[in-house]
Amino acid sequence: MSGYELSRMIREQFSISELPILLITARSQIQDIVTGFLSGANVYISKPVNSLELKARVNALTNLKQSINERLQMEAAWLQAQIQPHFLFNTLNTIVSLSEVDTDRMTVLLN
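Each value, and the rule that gives it
Residues numbered from 1 in each chain as written. Predicted model: local features only at pLDDT ≥ 70, side-chain atom pairs only at ≥ 80, totals over all residues. Heavy atoms only, no water. Axes fitted to C-alpha atoms, helices over the stretch in contact; angles between N-to-C directions. Helix = DSSP H or I, 4+ residues; strand = E, 2+ residues; numbered from the N terminus. Parallel < 35°, antiparallel > 145°, perpendicular 65-115°, else oblique. Contact = heavy atoms within 4.5 Å. Nonpolar A, V, L, I, M, F, W, Y, C, P; charged D, E, K, R; others polar. pLDDT = per-residue confidence, 0-100. Buried < 20%, exposed > 50% of the residue type's maximum accessible area, 1.4 Å probe, protein only. Lys, Arg positive; Asp, Glu negative; His and termini not counted. Salt bridge = Lys/Arg side-chain N within 4 Å of Asp/Glu carboxyl O. Pairing = 2+ DSSP bridges. Right-handed = clockwise from strand over helix to strand, strands pointing away.

Draft legend 1. Looking closely at the packing of helix H4 (residues 85-101) against helix H5 (residues 103-110). Taken N-terminus to C-terminus, the directions of H4 and H5 make an angle of 150°; their axes are 7 Å apart at the nearest point. As far as their axial angle goes, H5 and H4 are roughly antiparallel. Touching Thr94, Ile95, Leu98, Ser99 and Val101 of H4 are Thr103, Arg105, Met106, Leu109 and Leu110, all from H5. A per-class count over the contact of H4 with H5 returns six nonpolar, three polar and one charged.

Draft legend 2. Broad picture of the confidence of the model for the chain. Averaged over all residues, the pLDDT of the chain is 88; the fraction at 70 or higher stands at 99%. Model confidence for the chain, summarised as mean pLDDT per element, is weakest for H4 at 76 and strongest for helix H1 (residues 3-13) at 95.

Draft legend 3. Structural context of the side chain of Asp32. Position of Asp32 relative to the elements: it lies in helix H2 (residues 30-38). Buried and unpaired, Asp32 has Arg27 as its nearest opposite-charge partner, separated by 4.1 Å.

Draft legend 4. Looking closely at the pairing of strand S1 (residues 22-25). Only one face of S1 is covered, namely the face carrying Leu23 and Thr25; the face carrying Leu22 and Ile24 is uncovered. Sheet topology note: the S1/strand S2 (residues 43-46) ladder contains four bridges and is parallel. Counted as the bridge partner of Thr25 is Ser46 from S2. Once you follow S1 into H2 and on to S2, the crossover reads as right-handed.

Printed below as a string of structure tokens:
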């Protein structure tokens, strides 16, 4: 299996931000590089590999991954903060009032 095929298989399960892919290959033609990115790679490095470049690119990918995770956590916290106690209280009161009048509608609301 080629690296391109493996990249495609990985992308079927993970997005480009969930699992970064760094391809290292001896192929350095433009078409090879384009194929690498189209197969799902985040970074494409041609051999011979410069150790400083490799380290910098790995750091960039790990920093990107960490940044995305932090943003997702911030978004989740913001959404959670939007749930106001009075909203929840009003919703529960509505459901309770329907329990005595219209149990079918109450069931729909609960679902």
